[in-house]
Amino acid sequence: FGINVGVRAFKGYDGLIPFWHDSLLRASNENIDLLAESVLLYTLSRLKCEEKENASIIQQVIDITEENFADPQLSIAEVSKTLCYNSKYLSHLFKQKMGVGYTEYLRVFRINYAIVLIEHGIDSVKNIASLCGFSNPQYFSSVFKNIVGVSPGEYKSSKK
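Residues numbered from 1 in each chain as written. Predicted model: local features only at pLDDT ≥ 70, side-chain atom pairs only at ≥ 80, totals over all residues. Heavy atoms only, no water.

A closer look at helix α7 (residues 137-148)
End to end, α7 covers 16 Å across 12 residues, agreeing with the expected 16 Å (1.5 Å per residue, within 8%). Along α7, the positions that sit buried rather than exposed are F140, V143 and F144. Projection of α7 onto a plane perpendicular to its axis shows the buried side chains occupying an angular sector of 105 degrees, all on one side. What points out from α7, more than 90 degrees from its buried face, is the exposed set Q138 and N146. N-cap assignment for α7: the residue whose side-chain oxygen lies 2.8 Å from the backbone N of Q138 is N136. Of the residues trailing α7, G149 is marked for its positive phi of about 100 degrees. (Helix = DSSP H or I, 4+ residues; strand = E, 2+ residues; numbered from the N terminus. Expected span 1.5 Å × (residues − 1). Buried < 20%, exposed > 50% of the residue type's maximum accessible area, 1.4 Å probe, protein only. Arc of directions from axis to C-beta. Polar contact = N/O pair within 3.5 Å; in protein donor to acceptor, adjacent residues only side chain to side chain.)

A look at helix α4 (residues 87-98)
For α4, spanning 12 residues, the distance from its first C-alpha to its last is 16 Å, which sits close to the expected 16 Å at 1.5 Å a residue. Along α4, the residues classified as buried are L90, L93 and F94. Summarising the axial view, the buried residues of α4 lie within an arc of 100 degrees, below the 170-degree limit, and thus occupy one face. For α4, the exposed residues set more than 90 degrees away from the buried face come down to K88, H92, K95 and Q96. Taking the backbone nitrogen of K88 as reference, a side-chain oxygen 2.8 Å away marks N86 as the first, capping residue of α4.

Details of the nonpolar core
Grouped together as the largest cluster of nonpolar side chains are 16 residues, with contacts concentrated most on V61, V79, L83, L90, F94 and Y102. Taken together, the elements giving at least two residues each to this core come down to α2 (32-68), α3 (76-83), α4 and α5 (102-119). By residue number, the principal contributor to this core is α2, which donates five residues. When neighbours within four sequence positions are excluded, L83 is seen to be in contact with I57, Q60, V61, I64 and L90. (Core = buried A, V, L, I, M, F, W, Y, C linked by side-chain atoms within 4.5 Å. Contact = heavy atoms within 4.5 Å.)

Looking at the side chain of K156
Structurally, K156 can be placed in helix α8 (residues 152-158). If sequence neighbours within four positions are ignored, K156 has contacts with I118, I122, D123, S124 and V125.

Quick look at a nonpolar patch on the surface
Judged by side-chain polarity, Y113, V116 and L131 come together as a nonpolar surface patch covering roughly 230 Å² of accessible area. Here Y113 shows up in helix α5. On the basis of relative accessibility, which here comes to 32%, the residue Y113 falls in the partly exposed class. (Patch = residues over 30% accessible without salt bridge, like charges linked within 9 Å, V, L, I, M, F, W, Y side chains within 5 Å. Areas by Shrake-Rupley, 256 points an atom, 1.4 Å probe, with all protein chains shown as cover. Salt bridge = Lys/Arg side-chain N within 4 Å of Asp/Glu carboxyl O.)

With respect to the confidence of the model for the protein
When pLDDT is averaged along the protein, the result is 84, and 82% of the positions lie at 70 or above. Predicted confidence in the protein is weakest over helix α1 (residues 16-26), with a mean pLDDT of 74, and strongest over α7, with 95. (pLDDT = per-residue confidence, 0-100.)

Written as structure tokens, this is what we have:
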């Protein structure tokens, strides 16, 4: 079949190639269907395990973000240190799995929390910004307007 390291579709699964070779060498007309199905299922299970591992990493990133979003220093670099991963790798993995970069995810998360605070009666933009992890109220207002479409003050007025 020409199975070798040079033609693999997924890197990091070199251990599967000898398994495939050994399995195919044991195949006969009587067992080829069963053997091929078993090899395929085992191979897919190996791929699925890595997906679960990556999903678990992303869930850890989300959990850390939800617990620490009010910290103005929170960033993918800080999360990476906590999880002992390279920040570029974690950033790439997060964007690949979530469809959005970490910084944008964090901004939207913080703004959604700001909306909850406004709807619960907190009306000081400075306090809301601080509670949401923004150290600069003007920057908070700018991000809020970019995401929501109106300033925090206009949003508060529309909810009264």
